[in-house]
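# Report on the structure
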Amino acid sequence: MAAGPTPSATAAPFRPPIPPPPPCFDYRAAVLADTRAAAAASGSPALAALVESGALVRVPRRRFGPVPAWRPPDFVEPEEVWILGTSHLSPESVADVERVIRAVQPDNVVVELCRSRAGIMYVSDASDEPLLKSNMFSLGGAKFFGAVNRSINLGGQSALALRLLLAVFSSKISSGANRPFGEEFRAARMVSEDIGAQLVLGDRPIEITLERAWKSLSWDQKTNLVISLFRGITSTSNTPDEKTAVSPYELYQKLSTSYPSLLQPLIHERDMFLAWSLKRSKAVNKSKTVVGVVGKGHMNGVVYALISDQGDLRFRDLVGRESSDTWVTSLVKGLIRDTIIGLVLWALYEQLQALQ
């Protein structure tokens, strides 16, 4: 399994290389002709049905734009990228992943996970572990303290606290579905192993994403967000069921509606990172075929980034972190933050005990 490069703690400030898709952009229309032709040539009715539903698209290399001059001369982008949009709570998505990977026989399968969330692919349905440990935000598993250390190193204590809050909140709102998140990623891992394809972790580290999301909010917004999450966690009414349970992408969208500044770090920037993983990461160098398994909500942004890029997608520009505070400001903020985080972690511990 291949993971993306480890971001530096001193990475440059983020510079969005590609703007979000314009409202008029439709990923299906943009690549429909290429996708239909390839699906018909495969002779697979299952692929054709997924194409017509909009769940599957194909982007050939000729649509990628130029390879940037900074890439080594021996770097060759994939001949084609297939992208399958899934629902993280749908059993149909599991079957779709299996069908697509076996029909396409890719060299690489890129999944919408980062190193810190890769453990979700190894959670067994028969496991006795709490549901939270199969959550997209969780820090569970045998390497819990290593995951905590990585979260602090990459995103800081604030990102760690936000991640824990989202983990408990997400666990609660999905508990009625009686299904853990990300079963399609487990299917992708197993089928990849079966056919000999390399599995690639294609998402930006969640620690960086949450750190950037937290920094995008004002102090009033941060306070309101934490209060809202706590209210959702402690509420005893409106228990969710299978129809109302939401995926991480849908949760991000709901948060972005209330806090518009979250849309860029939680969705648009990750779309660009996924596009970079699919066509320009070292893991896919000289590949003939790559299959991407991503949440269906990312389809529009990922396809737009793939075909709009003019050589601008670059790893260091997609993981930038900023820090311009003086030591006095940092000290004051740190004292306030550590107090808040201590209270958050204590409350989360109580909630975890209740969930178990």
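Residues numbered from 1 in each chain as written. Predicted model: local features only at pLDDT ≥ 70, side-chain atom pairs only at ≥ 80, totals over all residues. Heavy atoms only, no water.

### Things to note about the overall build of the protein chain
A count of helices and strands for the protein chain gives 12 helices and 6 strands. The proportion of buried residues among the 356 residues of the protein chain is 53%. At a minimum sequence separation of 6, the contacts of the protein chain that also span at least 24 residues come to 85%. (Helix = DSSP H or I, 4+ residues; strand = E, 2+ residues; numbered from the N terminus. Buried < 20%, exposed > 50% of the residue type's maximum accessible area, 1.4 Å probe, protein only. Contact = heavy atoms within 4.5 Å.)

### Thoughts on the environment of valine 94
You can see valine 94 is positioned in helix H3 (residues 91–104). Taking the relative accessible area as the measure of exposure, valine 94 reaches 17% and is therefore buried. Once the C-alpha coordinates of valine 94 and phenylalanine 185 are considered, the two residues, 91 residues apart in sequence, prove to be 8.0 Å apart. Among all residues touching valine 94, those that are not within four sequence positions of it are Glu183, Glu184 and Ala187.

### Here's the deal with H3
Because each turn of an α-helix spans 3.6 residues, side chains separated by three or four positions in sequence point in the same direction. Taking 1.5 Å of rise per residue, 14 residues should cover 20 Å, and H3 covers 20 Å from first to last C-alpha, within 8% of that figure. For H3, the complete set of buried residues consists of Ser93, Val94, Asp96, Val97, Val100, Ile101 and Val104. Projected down its long axis, H3 carries its buried residues within an arc of 165 degrees, all on one side. Contacts made by the buried residues of H3 are with helix H2 (45–53), strand S2 (56–60), strand S3 (80–86), strand S4 (108–111), helix H5 (183–195) and strand S6 (289–295). Of the residues trailing H3, glutamine 105 is marked for its positive phi of about 55 degrees. (Expected span 1.5 Å × (residues − 1). Arc of directions from axis to C-beta.)

### Some points on the pattern of salt bridges
Using the criterion set out here, one finds 15 salt bridges in the structure. Note that arginine 204 is salt-bridged to glutamate 269, the shortest N-O span being 2.8 Å. Note that arginine 204 is positioned in the loop between strand S5 (198–201) and helix H6 (206–215) and glutamate 269 in helix H9 (residues 263–279), a separation of 65 residues in sequence. A relative accessible area of 0% means that arginine 204 is categorised as buried. (Salt bridge = Lys/Arg side-chain N within 4 Å of Asp/Glu carboxyl O.)

### A look at the packing of aromatic side chains
What characterises a pair of aromatic rings is the spacing of the ring centres plus the angle enclosed by the ring planes. In this structure the tally under the stated criterion is 4 aromatic pairs. Seen from their ring centres, phenylalanine 273 and tryptophan 276 are 5.5 Å apart, and the 55 degrees between their planes marks the pair as tilted. With phenylalanine 273 and tryptophan 276 both in helix H9, this residue pair falls 3 residues apart, about one helical turn. Residue class for phenylalanine 273 comes out buried when judged on its relative accessible area of 2%. Clustering of aromatic rings is evident, with ring pairs tying together Phe273, Trp276 and Phe315. The ring centre of phenylalanine 75 lies 4.4 Å from the NZ or CZ of arginine 71, which sits over that ring. Directly above the ring of tryptophan 70 sits arginine 314, whose terminal nitrogen or CZ lies 4.5 Å from the centroid. (Phe/Tyr/Trp six-rings, centres within 6.5 Å; stacked < 30°, edge-to-face > 60°. Lys NZ or Arg CZ within 6 Å of the ring centre and 35° of its normal.)

### Re the pairing of S4
What you see with S4 is no split at all: Asn108 and Val110 on one side and Val109 and Val111 on the other are buried throughout. Judged from the 4 bridges that link them, S4 and S5 form a sheet pairing that is parallel. Its bridge partner being in S5, valine 110 is matched across the sheet by valine 200. In this structure, S4 lies alongside S6, joined through 4 bridges in parallel fashion. When the sheet's bridge partners are listed, valine 111 is paired in S6 with valine 293. (Pairing = 2+ DSSP bridges.)

Structural measurements only, silent on function.
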